[in-house]
Each structure stands twice: as C-alpha cells, then as structure tokens.
Amino acid sequence: MDLTSSSLLPFFHKRKIYHIDTLFITHEDYDHSGEKERLISSLRVKEIITNSSSSFYTKVIGDIKVTNLNHYYVSYDDENKKSLVLYIEIYDKSILCMGDAPSDIEKKIIKDYPSLRCTYLKVGHHGSSTSTCQEFVRLVKPQEAIISVGKNNYYGHPADEVISILKKENIKIRMTSSEGTIRYSFIKKIF
C-alpha cells in the first residue's frame, strides 16, 4: 500500500478535506515529493508550487501569508540547496519550514533577513548535521523546533549536535518519531 492511501488520504478525509488550494513541494527528493502524483490524482489540487516555480516569492491564502526565503537556489544543482524555505505567517504566529536546506543556505538567510524570527521552526533536513547551525537558531529564536523524522531511521537522524544546539538555546524539541503527527491550531484574535 502506498503512503497516499495508507496515511495522507485518511488524514485529510478525517478532517473533511477533499481538495487542496495550494500544494507546496519543497524540492524533488523522494521523501518530499514522491507521493505528489498519487496525491494530485486523489484530491483536487488547484495549484502546485515547487522549487522550480521561479516566480514564487510570496503567496497569500486567506489569512495565511507564505514567503519563500530561498531565492539563491537557482544557481545550485543540489536538490537540498534548492529547497523552498517557507516562512508562514498566520495571525500572530510564524512557522519557518526549512525543507532540506543546508547550513550555507541558512547563513545566506541570516545575512539577508537579520531580523527574522519565528514561533515554530520546522528543522531542516530531518535534523541532519548538515542543517540547523547555531547562528541560525540564535537568530530565529523559535519557541519550539519540530523534527520530522522516522523512528530508528537509516540515517540516524536527528544528529546529536543539532539536538545539543536546540537544547543550548532552550528550545522545546518535538519529534514525529516519538509523537507521530504534530499539529497546531491557530485562532484569530478579535479585539
């Protein structure tokens, strides 16, 4: 059974989601885009944004604003360096999704966005030692870091050094390997 049938569709259907307005694919590594075609054929998808969507910079969807911070990727052949880095603003919260962007992309982001902060950091490259440098974590100052990683995975992710960096900065660490699906709810404050 494929991942779309076993996990994605049950997740969406349980929440009565039968179409997707915008599907963001960070890059073409299989673990980020391998189920794309099955998902598209199973749900109505209006728009797909990938790292080859060169015109994508900012997209507003209702109360959600999504900005790609990795505009350096056009000069790289490495898929990880071409990952979309999505800064998502919703109400008074922000989520920074790093895809598989490595530390050299993080350092370019630091230089270009020196006041960048986020509430939640979706840690880059599943907690690999190639991402999540201390300078970057210090700059963005997340309250929580989410690591999307399988239990007892072949690569040994997350790297001990990444966990140490997050702990040193007093950031709450959440991992899919121990919690399963991690969800957040956002409520619009009306004064």
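Remember, it's a predicted structure, so these values are computed and weren't measured experimentally.

Q: Any chance you could explain the overall build of the protein here in plain terms?
A: Counting secondary structure elements, the protein contains 7 helices and 9 strands. Whereas a compact globule of 191 residues would reach a radius of gyration of roughly 16 Å, the protein reaches 16 Å, a difference of no more than 12%. Counting only C-alpha atoms, the protein reaches 45 × 40 × 40 Å along its principal axes. Out of the 191 residues in the protein, the part that is buried amounts to 46%. Expressed as a percentage of contacts within the protein between residues at least 6 apart in sequence, the contacts between residues at least 24 apart total 64%. Counting 27 positive and 24 negative side-chain charges, the protein places the averaged centre of each group 7 Å from the other.

Q: Help me out: how do you make sense of the environment of F11 in this one?
A: With respect to the helices and strands, the residue F11 is situated in helix α1 (residues 3-14). F11 sits in the partly exposed class, given a relative accessible area of 29%. Residues F11 and T181, 170 residues apart in the sequence, show an inter-C-alpha distance of 9.7 Å. Residues contacting F11, with those up to four places away along its chain left out, are T181 and R183.

Q: Any chance you could explain the side chain of T22 here in plain terms?
A: Within the secondary structure layout, T22 lies in strand β1 (residues 19-24). At 3.2 Å, the side chain of T22 forms a polar contact with the side chain of E47. In this structure, T22 is in contact with E47, I49, K59 and I61, ignoring residues within four places of it in sequence.

Q: Is there a simple way to think about the sheet that holds strand β8 (residues 144-147) in this case?
A: Within a sheet, adjacent strands bond to each other through the backbone by hydrogen bonds, running parallel or antiparallel. Strand order in the open sheet made by the 7 strands is β3-β4-β5-β6-β7-β8-β9, with mixed pairing throughout. Because the sheet does not close on itself, it has two edges, and the strands there are β3 (58-61) and β9 (172-175). For this sheet the average axis-to-axis angle between neighbouring strands, irrespective of direction, equals 20°. Across 5 bridges, the pairing between strand β5 (residues 86-90) and strand β6 (residues 93-97) is antiparallel. Across the sheet, residue L86 finds its bridge partner in β6, namely C97.

Q: Could you clarify how one ought to interpret the environment of E35 in this entry?
A: Mapping E35 onto the fold places it in the loop between α2 (30-33) and α3 (36-42). By relative accessible area, which is 12% here, E35 ends up buried. With 63 residues separating them along the chain, E35 and M98 place their C-alpha atoms 19 Å apart.

Q: Could you clarify how one ought to interpret the nonpolar core in this entry?
A: Proteins that are soluble and globular tend to have nonpolar side chains buried together. If you look at the biggest cluster of nonpolar residues, it comprises 28 residues, and the most contacted ones within it are L96, I109 and L116. Of all the elements in the fold, those that place two or more residues in this core are α4 (103-112), α5 (134-140), β8 and α6 (160-168). In this structure, I49, L84, I95 and C97 belong to the second largest nonpolar core, which totals 11 residues.

Q: Quick question: what am I supposed to make of α4 here?
A: Helical periodicity: at 3.6 residues per turn, an α-helix aligns residues three or four positions apart in one direction. The complete set of buried residues in α4 reads S103, I105, E106 and I109. Buried residues of α4, viewed axially, fall in a sector of 155°; they line one side.

About the criteria used
- Residues numbered from 1 in each chain as written.
- Predicted model: local features only at pLDDT ≥ 70, side-chain atom pairs only at ≥ 80, totals over all residues.
- Heavy atoms only, no water.
- Helix = DSSP H or I, 4+ residues; strand = E, 2+ residues; numbered from the N terminus.
- Rg over C-alpha atoms; globule rule 2.2 N^0.38 Å.
- Buried < 20%, exposed > 50% of the residue type's maximum accessible area, 1.4 Å probe, protein only.
- Contact = heavy atoms within 4.5 Å.
- Lys, Arg positive; Asp, Glu negative; His and termini not counted.
- Charge placed at Lys NZ, Arg CZ, Asp CG, Glu CD.
- Polar contact = N/O pair within 3.5 Å; in protein donor to acceptor, adjacent residues only side chain to side chain.
- Pairing = 2+ DSSP bridges.
- Axes fitted to C-alpha atoms, helices over the stretch in contact; angles between N-to-C directions.
- Core = buried A, V, L, I, M, F, W, Y, C linked by side-chain atoms within 4.5 Å.
- Arc of directions from axis to C-beta.

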